[in-house]
Amino acid sequence: MQLTGRVASHIVEVPELRCTVHAAAAAALLAMATAAREQGIELIIVSSFRSFQRQAAIWNGKYRGERALLDRTGRALERAGLDEQASVDAILLWSALRGGRRHHWGTDVDIVDRAAGPEGYRPQLTAAEFAARGVFAKLDSWLVANMSRFGFFRPYSRDLGGVLPEPWHLSYAPVAVPALESLTVEVLAEAIAGSGLCGRELVLARLPEIHARYVKAVDAPAG
Ligand SMILES: [Zn+2]
């Protein structure tokens, strides 16, 4: 139930960072934020724990056409030309599988640097922002040099054919590595079968492939 975000019994609030994370990750996240602050970087957690129920609502909104669907280059897809299978593919590409999402574990956070950029800058969460000349370039190099000291790594640092690169997405290895091992096709199937997810028959029929591509195809922690 914890692996698929159907309960929140593994989650605690971190008021200093205004987020909710796995109980075992909270101290490491606070320590990393403190160390970053000493270098003039103000870590802001833009996304942390997400429940299955909330993710399922987003999935269903996309499936029903109430939310935009994008292709690999970020262009909006024309709904009329999409069959159900293509819709499922487009949703998976950008939002991964509900229940199979690392944010359910509470080990994963999306972060930006509030001290970077002009006053009132609204983070877009794009790879360009974290590139050499991007607004979060300083944060990026600090993370590369320091995040592993606090147990964090980037599971989506490269395009491995599944989830697109997300340099803002960090994962707490001591809990996330065993969680990934435990989130088998069977565990995921059980969560999806019992949910109100639109298109769940399509997803269940392809679950081994989807699991390999969108859950397992991630980078491992360095070293
Ligand atoms: Zn994320």
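Please read all numbers here as calculations on a predicted model, not as lab measurements.

Engineer: Any details on the overall build of the protein chain? Residues and values, ideally.
Structural biologist: Along the backbone of the protein chain there are eight helices and six strands. The order of helices and strands in the protein chain, counted from the N terminus, is β-β-α-β-α-α-β-α-β-β-α-α-α-α. Taking 223 residues into account, the globule formula puts the C-alpha radius of gyration at 17 Å, and the protein chain, at 17 Å, falls close to it. Once the C-alpha set of the protein chain is aligned to its principal axes, its extents read approximately 50 × 35 × 30 Å. Considering only contacts in the protein chain between residues 6 or more positions apart, those separated by 24 or more positions represent 65%. In the form shown here, the protein chain has an accessible surface area of approximately 10600 Å², with 54% of it arising from carbon and sulfur atoms.

Engineer: How would you sum up the packing of helix 6 (residues 185-193) against helix 8 (residues 207-216)? Please name residues and give values.
Structural biologist: At their nearest, the axes of helix 6 and helix 8 sit 10 Å apart, and the two run at 110° to each other. Here helix 6 lies roughly perpendicular to helix 8, going by the angle between them. Where helix 6 abuts helix 8, its residues Val185, Leu188, Ala189 and Ile192 lie against Leu207, Pro208, His211 and Val215. Classifying every residue of the contact of helix 6 with helix 8 gives seven nonpolar, one polar and no charged.

Engineer: Explain the side chain of histidine 211 to me, and be specific about the residues and the numbers.
Structural biologist: Within the secondary structure layout, histidine 211 lies in helix 8. Overall, histidine 211 belongs to the buried group, its relative accessible area being 7%. Apart from the residues within four sequence positions on either side, histidine 211 is in contact with Leu183, Thr184, Val185, Leu188 and Lys216.

Engineer: Can you explain the pairing of strand 1 (residues 11-14)? Please cite residues and give values.
Structural biologist: By the bridge criterion, four bridges tie strand 1 to strand 2 (residues 19-22) in an arrangement that is antiparallel. The partner of valine 14 across the bridge, within strand 2, is cysteine 19. In sequence, strand 1 turns back onto strand 2 through a hairpin of four residues, with arginine 18 there showing a positive phi of about 50°.

Engineer: Summarise the sheet that holds strand 5 (residues 152-153); cite the residues concerned and give the values.
Structural biologist: Strand order in the open sheet formed by four strands is 3-4-6-5, and the pairing between neighbours is antiparallel. Each end of this open sheet is capped by a strand with a single partner; those strands are strand 3 (43-47) and strand 5. In the sheet, strand 4 (residues 108-113) pairs with strand 6 (residues 169-172) via three bridges, with the strands oriented antiparallel. Each residue of the ladder has a partner; that of valine 109, found in strand 6, is leucine 170. Contacts between helix 1 (residues 26-37) and the sheet are confined to strand 3, strand 4, strand 5 and strand 6, with strand 3 contributing the most and set at about 135° to the helix.

Engineer: Quick one: what's the story with the coordination of the zinc ion, residue by residue and with numbers?
Structural biologist: For a metal with four tetrahedral donors the ideal donor-metal-donor angle is 109.5 degrees, while six octahedral donors give ideal angles of 90 or 180 degrees. Looking at the metal site, the zinc ion is ligated by His103 (NE2), Asp110 (OD), Asp110 (OD) and His169 (ND1), spaced 2.1 to 2.8 Å from it. Considering all four donor atoms around the zinc ion, angles at the metal cover 51 to 152° and the coordination shape is irregular. Each donor residue of the zinc ion lies on the same chain, and together they follow the pattern H-x6-D-x58-H. Residue aspartate 110 is located in strand 4, and its partner histidine 169 is located in strand 6; the two are separated by 59 residues in the primary sequence.

Engineer: Describe in detail the packing of aromatic side chains, supporting the description with residues and values.
Structural biologist: Applying the stated rule across the entire model yields five aromatic pairs. Here phenylalanine 130 and phenylalanine 136 contribute two aromatic rings whose centre-to-centre distance is 5.3 Å and whose plane-to-plane angle is 50°, an arrangement assigned as tilted. Taking the relative accessible area as the measure of exposure, phenylalanine 130 reaches 4% and is therefore buried. With relative accessibility at 1%, the residue phenylalanine 136 sits in the buried group. Between phenylalanine 152 and tyrosine 172, the ring centres sit 5.3 Å apart and the planes meet at 50°, which makes this aromatic pair tilted. Of this pair, phenylalanine 152 sits in strand 5 while tyrosine 172 sits in strand 6, and the two are 20 residues apart along the sequence. A single burial state applies to phenylalanine 152 and to tyrosine 172, both of which are buried. Site record: aromatic cluster; members linked through ring pairs are Tyr121, Phe130, Phe136 and Trp168.

Each value, and the rule that gives it
- Residues numbered from 1 in each chain as written.
- Predicted model: local features only at pLDDT ≥ 70, side-chain atom pairs only at ≥ 80, totals over all residues.
- Heavy atoms only, no water.
- Helix = DSSP H or I, 4+ residues; strand = E, 2+ residues; numbered from the N terminus.
- Rg over C-alpha atoms; globule rule 2.2 N^0.38 Å.
- Contact = heavy atoms within 4.5 Å.
- Areas by Shrake-Rupley, 256 points an atom, 1.4 Å probe, with all protein chains shown as cover.
- Axes fitted to C-alpha atoms, helices over the stretch in contact; angles between N-to-C directions.
- Parallel < 35°, antiparallel > 145°, perpendicular 65-115°, else oblique.
- Nonpolar A, V, L, I, M, F, W, Y, C, P; charged D, E, K, R; others polar.
- Buried < 20%, exposed > 50% of the residue type's maximum accessible area, 1.4 Å probe, protein only.
- Pairing = 2+ DSSP bridges.
- Donors = N, O, S within 2.8 Å, 3.2 Å for Na, K, Ca; no water.
- Tetrahedral: all angles 85-135°; square planar, octahedral: opposite > 155°, others 65-115°.
- Phe/Tyr/Trp six-rings, centres within 6.5 Å; stacked < 30°, edge-to-face > 60°.

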